[in-house]
Structures are given as C-alpha cells and as structure tokens.
Amino acid sequence: MKNRSFWIDNLRSFVILLVVAHHAALAYPTFARFDKAAYIFSSHPMVDPQRWIGMDRFIYFNDIFLMALMFFISGLFVMNSLRKKGPGTFLRDRFNRLFIPFAIGVTILMPIAHYPSFLVAHEDYSIKNYLIDYFTTEYWPVGPPWFIWVLFLFNMVFVWMFRYIKTRLDRLSQTFVFFKDKPFLLFLTWFAFTWILYVPMRLIFGPYQWTGIGPFDFQVSTFFMYFGFFLAGIVFGNIPPEKGLFPDTFTLMRKWPLWIMLCLFLYVLLVSIDNPSLGNPLQKLVQSNTIGDAPAQIIYCSLYVATCITGCLAYLTLFRALADFTNKFWKSLASNSFFIYLIHYVFVIWSQYLLLQSTMPAIQKFSIVFIVSLSASWLLGLLIHKNRKLSVWF
C-alpha cells in the first residue's frame, strides 16, 4: 500500500484496545485457574474469585482472530518500506523498532508485571526468591512481547525470501486484483490457504502448546497460520492502491454488514457445537460413534478458521467503510499504540492484584482494570514521546 490510509491506523489502534481489554478480562472467566506451584501454567498470571461467563465469550472471540489480524496489518506496509529503504536499512530499522523494545519488555517490564503472581502463589515478598522462581520455575515468561519477537522473525524470513520471490510476488499481487469484485471467492481461497497452515498443526500439537527458549516463546499450532496472515498482508499491501482490494468502490468493501453477520453466525455456531450448557453436541456425536474424533476435530477447526477469516474481513471492511478519518483522539492513540501494547500488561496484572479482595462483580473489576491500564499506559506513552531519545524506540 503506497499511500497510508487513516482507517488502517485506526483499525490497528482499535485492535490494541482489544488486546488491553482481552488481558483485562483474563482474570474473570469461568474457566480461569491458578497454579500456585508454577503460575506460568495458570490460565492467566492473576485469577480472581469473581467470575462471569460473559468474559468467556469475549475472550474466546478475541482469541480466534485478534493476533491473526495484527500480523496481517503488520504486513501491509512491509513492501513499501522494503523497497524504499533496501534490505539492510529495513532490517536495521526493524531491529531498532521491534527487537530492542522486545528486549526491554522481557528483561524489565515482564518481571515487574509478574511479581504480584509470585506474591499470590507464595506469599513471599523476597525479590531474590522471586527472580529465582521467575527464571527457573516459570521459565522466564514472555507475556505479550511474544508478538514482537515473532513479528521481527517474520520480517527477517521475508527479507531472506524476497530476493527469490520478488518477481513472483508482484505477479501474485496483480492476480489478487481478480478478487476485488468476487468477495466469496476471496474468502474460499483465504480459507483454504489458512486451513492448510493451521488445521494439521492443531491436530498434531493441540491448541494450547507453547514452545521456545527462554522468552523466545511461541504457540506451536498457530505459528504458520500467523506467518500466512503476515504474508497475506504483504501481498495485499503490494497491490497498487488504485487496483487494490481496499477502495470502497469494490464489492469486497461494500459487503461489510454481511461479513459482520457471517462472522457472528459462525462464532455462535462454533461455540454451540462444543458448549457444555448445550450438552456438547459435537462430543455427543463422537461418543455415539456417529463420527470419529478426528473428523469432529476437523469440523471444529474448519469452523474456527472460517470464523477467523470472516472476523478479519469484518473488521477490515467495517473500518474501511466507516473509519477513514482522523482526529486528536485517533491520532494520539495511533502514535502511542505500540507503547501501550508493550507496557499495558504491567498495569493489567497489578490492577487485577489490587482488586483481588474486593467483592464487586467481575464486570466492574474488568472495567476498572481496563480503564486504569489503558489510561496509565497511554499517559506514560505521551510522556515518553516528549523525550526524543526515548521516543525513537517506541
């Protein structure tokens, strides 16, 4: 994408708001559990006795598409930057913009963020004991900065690939112009591409397995899918603006109400087929030998992929149609969104910790944690950006 549009910046900023809200909600779902022996194996570093099933639905909906959309958006401007700067300067800028903040995040911010979890687990205020536990028992938890190092890795891999696929990439981008007035054919193509990258990995490794060395941690089942979304962002962003998929005159963009309805329908269907309150319909079919376990998993994963893609298309088309503008609020949020992402986890966990003893309902606690974490992160970002030396990294 040669010309930056306000709606992309607004969408990226809104996604960061969802990330903050997602982490603020993780202390309050009905499925939350806390492992005192090693809080790294808990559902979240802080778990509150107050729960609400509404948090379950909100968290699961975000889980389906949120990170995929973030990787897609991150890929949109890669080609423009790479062609302008060249591979060497591009990677150096990516190192400064991504890897250094990641290093700051995992060496300074995450230890500060996780300290309340150690207090809850062990009731021990010793910093020495905390750090020993942090690097041995907890295996140096990476927290939200995992996205930053994986994105840096994807950038490096693509730069290495670029020399071999430069001509083919331009042809592929031109080919995708074909989909501008064929939105459902685009959906089917994207679905097949994502299905291949995600479903086999989930069937082999399961949905929750993470692996890595120290803070260089990643979720196994989604790794190739996220790389696929990153590459899709690069391909779409490489299309000339006047021919691309994003002008609002194209059918794809005008279908935003349909993408929203389709996403919500698929999400409700996905939740319904594996819902204990509804008797786990999919599991009943397996138990009655109507279908095997593997076909049941494939059905579930296929619905998951379809929901992910329609969710991404819903947000892309909605913001293209209704949010291609800017004002002081969106400008400030856009300029501080990366810093908010990097720092918010500290405020989230500490706010959740300070509210543990309160008996107020979960929705109220969530609201307080979200508002405090977003406001504190945003305000700190504004202060950081007044310092020219510090603002280079954020």
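Here is what the cut-offs are and how they apply
Residues numbered from 1 in each chain as written. Predicted model: local features only at pLDDT ≥ 70, side-chain atom pairs only at ≥ 80, totals over all residues. Heavy atoms only, no water. Helix = DSSP H or I, 4+ residues; strand = E, 2+ residues; numbered from the N terminus. Rg over C-alpha atoms; globule rule 2.2 N^0.38 Å. Contact = heavy atoms within 4.5 Å. Areas by Shrake-Rupley, 256 points an atom, 1.4 Å probe, with all protein chains shown as cover. Lys, Arg positive; Asp, Glu negative; His and termini not counted. Charge placed at Lys NZ, Arg CZ, Asp CG, Glu CD. Pairing = 2+ DSSP bridges. Phe/Tyr/Trp six-rings, centres within 6.5 Å; stacked < 30°, edge-to-face > 60°. Buried < 20%, exposed > 50% of the residue type's maximum accessible area, 1.4 Å probe, protein only. Salt bridge = Lys/Arg side-chain N within 4 Å of Asp/Glu carboxyl O. Expected span 1.5 Å × (residues − 1). Bend = angle between axes of the 7 residues up to and from the residue. Axes fitted to C-alpha atoms, helices over the stretch in contact; angles between N-to-C directions. Parallel < 35°, antiparallel > 145°, perpendicular 65-115°, else oblique. Nonpolar A, V, L, I, M, F, W, Y, C, P; charged D, E, K, R; others polar. Left-handed = near helix turned anticlockwise from the far one by under 90°. Patch = residues over 30% accessible without salt bridge, like charges linked within 9 Å, V, L, I, M, F, W, Y side chains within 5 Å. Core = buried A, V, L, I, M, F, W, Y, C linked by side-chain atoms within 4.5 Å. Arc of directions from axis to C-beta. Disulfide = S-S within 2.5 Å.

**Student:** I'd like a rundown of the overall build of the chain, residues and numbers included.
**Tutor:** Along its length, the chain carries 15 helices and two strands. Over its C-alpha atoms the chain spans a radius of gyration of 21 Å, differing by no more than 12% from the 21 Å that the globule rule assigns to 394 residues. Across the chain, the fraction of contacts at a sequence separation of at least 24, relative to all contacts at a separation of at least 6, is 78%. In the form shown here, the chain has an accessible surface area of approximately 18,200 Å², with 66% of it arising from carbon and sulfur atoms. The positive charge centre, built from 32 side chains, and the negative charge centre, built from 18, are 12 Å apart in the chain.

**Student:** Account for the pairing of strand β2 (residues 216-219), naming residues and giving values.
**Tutor:** Here strand β1 (residues 210-213) runs beside β2; their pairing, made up of four bridges, is antiparallel. For Thr211, the partnering residue across the bridge sits in β2 and is Phe218. The antiparallel pairing of β1 with β2 creates a hairpin that spans two residues between the two strands, and Gly214 there sits at a positive phi of about 60 degrees.

**Student:** Tell me what's going on with the packing of aromatic side chains, and back it up with residues and numbers.
**Tutor:** A complete count under the given rule lists 49 aromatic pairs for this structure. Centroid distance Phe158 to Phe162: 5.9 Å. Interplanar angle 45 degrees. Geometry classified as tilted. One end of the pair, Phe158, and the other, Phe162, are both in helix α6 (residues 146-175), four residues apart, so they sit about a helical turn from each other. Of the residues examined, Phe162 reaches a relative accessible area of 10% and is grouped as buried.

**Student:** Tell me about the pattern of salt bridges, and please be specific about residues and values.
**Tutor:** According to the stated counting rule, one finds four salt bridges in the structure shown. The residue Lys85 makes a salt bridge to Asp93 at a minimum N-O spacing of 2.9 Å. On the accessibility criterion, Lys85 (34% relative accessible area) is partly exposed. With a relative accessible area of 25%, Asp93 lands in the partly exposed category.

**Student:** Describe helix α2 (residues 53-75), naming the residues involved and giving the relevant values.
**Tutor:** Look at α2: 34 Å from first C-alpha to last across 23 residues, which is about the 33 Å you get at 1.5 Å a residue. Remark: the principal bend of α2, roughly 40 degrees, maps to Asp63.

**Student:** Could you give an account of the environment of Phe72, naming the residues involved and the relevant values?
**Tutor:** Relative to the elements of secondary structure, Phe72 occurs in helix α2. Overall, the relative accessible area of 0% leaves Phe72 in the buried class. In this structure, the C-alpha to C-alpha distance between Phe72 and Gly233, residues 161 residues apart in sequence, is 4.5 Å.

**Student:** Residue-level account of the packing of helix α1 (residues 6-25) against helix α13 (residues 328-354), with values.
**Tutor:** Across the interface, α1 lies against α13 with an axial gap of 9 Å and an inter-helix angle of 5 degrees. Our classification of the angle between α1 and α13 gives roughly parallel. Contact residues: Asp9, Asn10, Arg12, Ser13, Phe14, Ile16, Leu17, Val19, Val20, His23 and Ala24 in α1; Trp330, Leu333, Ala334, Ser337, Ile340, Tyr341, His344, Tyr345, Val348 and Gln352 in α13. Residues that form the contact of α1 with α13 fall into these classes: 13 nonpolar, six polar and two charged.

**Student:** Lay out the packing of helix α7 (residues 183-205) against helix α10 (residues 256-273) in plain terms, naming residues and giving numbers.
**Tutor:** Packing of α7 against α10 brings their axes to within 12 Å, and their N-to-C directions diverge by 40 degrees. One element, α7, and the other, α10, form an angle in the oblique class. Judged by the sense of rotation from one axis to the other, the crossing of α7 with α10 is right-handed. Contacts between α7 and α10 involve Pro183, Phe184 and Phe187 from the first element and Leu258, Trp259 and Leu262 from the second. Broken down by class, the residue content of the contact of α7 with α10 amounts to six nonpolar, no polar and no charged.

**Student:** How would you sum up a nonpolar patch on the surface? Please name residues and give values.
**Tutor:** Residues Leu203, Ile204, Phe205 and Ile298 make up a contiguous nonpolar surface patch of about 340 Å² in total accessible area. The leading source of residues in the nonpolar patch is α7, at three residues. Mapping Phe205 onto the fold places it in helix α7. The partly exposed category is assigned to Phe205, whose relative accessible area is 35%.

**Student:** Kindly report on unusual backbone geometry, identifying the contributing residues and their values.
**Tutor:** You will see that Glu123, though not glycine, has its phi angle at about 50 degrees, which is positive. Among the secondary structure elements, Glu123 is positioned in the loop between α4 (87-122) and α5 (127-135). Positive phi, close to 55 degrees, is recorded for Trp140, a residue that is not glycine. In this fold, Trp140 is placed in the loop between α5 and α6.

**Student:** Can you break down the nonpolar core residue by residue, with the values?
**Tutor:** One finds Phe71, Phe158 and Phe229 to be the most contacted residues of the largest nonpolar core, which totals 114 residues. The element that contributes the greatest number of residues to this core is helix α12 (residues 293-322), accounting for 15 residues. For Phe158, the contacting residues outside a window of four places in its chain are Val78, Met79, Leu82, Ile165, Leu169, Phe230, Leu231 and Ile234. One finds Ala21, Ala27, Tyr28 and Ile59 within the second-largest nonpolar core, a separate group that totals 13 residues.

**Student:** Hey, could you go over α10 for me, with residue numbers and the actual values?
**Tutor:** A rise of 1.5 Å per residue sets the reference length of α10, with its 18 residues, at 26 Å; its end C-alpha atoms lie 26 Å apart and thus fit the reference within 8%. Those residues of α10 that sit buried are Trp259, Cys263, Leu266, Tyr267, Leu270, Val271 and Ile273. When α10 is viewed along its axis, its buried side chains cluster within an angular range of 170 degrees and face the same direction. The exposed residues of α10 that point more than 90 degrees off its buried face are Met261 and Phe265.

**Student:** Would you mind going over the state of the cysteines in detail, with residue names and values included?
**Tutor:** Counted by the stated rule, this structure contains zero disulfides. No disulfide involves Cys301; its sulfur sits 12 Å from the nearest other cysteine sulfur, which is in Cys308.

That's the geometry; what it means functionally is another story.
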